[in-house]
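Structural features, examined
Here's the letter readout for the chains.
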Amino acid sequence: MNVPSWIAIALLATVAVVFLWQRRAQRLARGRDRVNTAWQELEKALAERVAALEEMHAALERAGYVPEARPRLRDAVEALRSAQGPRARAEADAAVEAVLIAVYRGLPRERIETIRTAQNRLAQADEERDIARTQYNDLSLSLGLLLRRWGYRSIARRRGIVAPEPFLLPGEEADYVRRHFGHV
């Protein structure tokens, strides 16, 4: 083989490497953008949930139900509202769930209309939150798994892309990945 052939092969190899590098960089950027969009949707769903919880608290207060659990519910909602970041918000959300269990246990079987309306709004907000949470967790964990792969690690390091925190309690990632992605 002569020198021009070697130069052509080297040039083609360089073009192929640059092309692959660029495609992977674009894939990472798209993944990061999708995660950010999903996080914004989750924040909207959490804000709606906070509003529904505040409505529930007001309805409980007007009806005089569960006086011992109302202050805990108010504190848990305030903690959820002020929490920053996915992990802190997931922990605050779990605390709200624990308080809601106590509230529901203290409610009478026959409830007034305002309590039922507040419960329905809260159930709808919870459903939206669950959908947004699943979407965000799927995207954030998929991006995290992608960032573990050899070719993507160096691109992410150079571009400053880090694995996003999932909206899970600490230690739940492995179980979530195993259930939803089928591997660890």
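Residues numbered from 1 in each chain as written. Predicted model: local features only at pLDDT ≥ 70, side-chain atom pairs only at ≥ 80, totals over all residues. Heavy atoms only, no water.

Looking at the side chain of R70
Put simply, the rule is: Only DSSP runs of H or I covering at least 4 residues are called helices, and only runs of E covering at least 2 are called strands; the numbering of each starts at the N terminus. Only protein chains enter the accessibility calculation, which uses a 1.4 Å probe; a residue whose area is less than 20% of its type maximum is buried, one above 50% is exposed, and one in between is partly exposed. In this tally, Lys and Arg are treated as positive and Asp and Glu as negative; His is ignored, and so are the chain termini. When a carboxyl oxygen of Asp or Glu is within 4 Å of a side-chain nitrogen of Lys or Arg, the pair counts as a salt bridge. Any pair of residues with heavy atoms lying within 4.5 Å of one another is described as a contacting pair.
Position of R70 relative to the elements: it lies in helix α2 (residues 70–82). Look at R70: it is buried, it has no salt bridge, and the nearest opposite charge is E61 at 5.0 Å. Beyond its immediate sequence surroundings of up to four residues, R70 is in contact with H57, L60, E61, G64 and Y65.

Structural notes on the pattern of salt bridges
Within the structure shown, the criterion is met by 19 salt bridges. Residue R129 pairs with E97 through a salt bridge whose shortest N-O separation is 3.6 Å. Here the residue R129 occupies a position in helix α4 (residues 113–148), and E97 occupies one in helix α3 (residues 86–106), the gap between them amounting to 32 residues. Residue class for R129 comes out buried when judged on its relative accessible area of 4%. On the accessibility criterion, E97 (30% relative accessible area) is partly exposed. A salt bridge links R179 to D175, with the nearest nitrogen and oxygen atoms 3.1 Å apart. Placement of both R179 and D175 in helix α6 (residues 173–181) is noted, with a separation of four residues, approximately one turn of the helix.

Overview of the packing of helix α1 (residues 3–63) against helix α5 (residues 150–159)
Defined as follows: In this analysis an axis means a line fitted to C-alpha atoms, helices contributing only their contacting stretch, and an angle means the value between N-to-C directions, from 0 to 180 degrees. In these notes the angle categories are as follows: under 35 degrees is roughly parallel, over 145 is roughly antiparallel, 65 to 115 is roughly perpendicular, and the rest is oblique. Take the far helix as the reference: if the near one is turned anticlockwise from it by less than a right angle, the crossing is left-handed, and if turned clockwise, right-handed. Residues are grouped as follows: Ala, Val, Leu, Ile, Met, Phe, Trp, Tyr, Cys and Pro are nonpolar; Asp, Glu, Lys and Arg are charged; every other residue, Gly included, is polar.
At a closest axis distance of 10 Å, the pairing of α1 and α5 adopts a crossing angle of 70°. Taken as axis vectors, α1 and α5 run roughly perpendicular relative to one another. In this structure, the crossing between α1 and α5 has a hand that is right-handed. On the side of α1, the interface is formed by W21, Q22, R24, A25, R27 and L28, while α5 contributes G151, Y152, S154, I155, A156, R158 and R159. Across the contact of α1 with α5, the residue classes break down as six nonpolar, three polar and four charged.

Details of the confidence of the model for the chain
Selection rule: For every residue, the predictor assigns a confidence score, pLDDT, that lies between 0 and 100.
With 99% of its residues at a pLDDT of 70 or more, the chain shows a mean pLDDT of 93. The secondary-structure element of the chain with the lowest mean pLDDT is α6, recorded at 81, while α2 shows the highest, at 97.

Concerning the nonpolar core
Using the following cut-off: Side-chain atoms within 4.5 Å are what join buried Ala, Val, Leu, Ile, Met, Phe, Trp, Tyr and Cys residues into a set we call a nonpolar core.
If you look at the biggest cluster of nonpolar residues, it comprises 24 residues, and the most contacted ones within it are L53, L60, L73 and V103. Put simply, the parts of the chain that give this core at least two residues each are α1, α2, α3 and α4. Ignoring sequence-local partners within four residues, the contact set of L60 consists of Y65, V66, R70, L73, V103, L107 and I115. Among the nonpolar cores identified, the runner-up in size contains 20 residues, and A38, L147, Y152 and I155 belong to it.

Thoughts on the packing of aromatic side chains
Note the following rule: Put simply, two rings from Phe, Tyr or Trp (the six-membered ring, in Trp's case) pair if the centres are within 6.5 Å, and we call them stacked under 30 degrees between planes, edge-to-face over 60, tilted for the rest.
By the definition in use, this model includes two aromatic pairs. Aromatic pair W39 and Y136: ring centres 5.2 Å apart, planes at 55°, arrangement tilted. Of this pair, W39 sits in helix α1 while Y136 sits in helix α4, and the two are 97 residues apart along the sequence. Y136 matches W39 in its accessibility class, with the two residues each being buried. Considering the side-chain rings of W39 and F167, the 6.5 Å spacing of their centres and the 50° angle between planes classify their relative orientation as tilted. One end of the pair, W39, is in helix α1; the other, F167, is in the loop between α5 and α6, with 128 residues separating them in the sequence. For W39, a relative accessible area of 15% translates into the label buried.

Let's talk about the packing of α3 against α4
Two elements in contact, α3 and α4, have axes whose closest approach is 14 Å; the angle formed by their N-to-C orientations is 150°. With respect to α4, the axis of α3 lies roughly antiparallel. For the crossing formed where α3 meets α4, the hand is left-handed. Contact with α3, carried on its side by P86, D93, E97, L100 and Y104, involves Q119, L122, D126, R129, R133 and Y136 of α4 and no other residues of that element. Its residues assigned to classes, the contact of α3 with α4 comprises five nonpolar, one polar and five charged.

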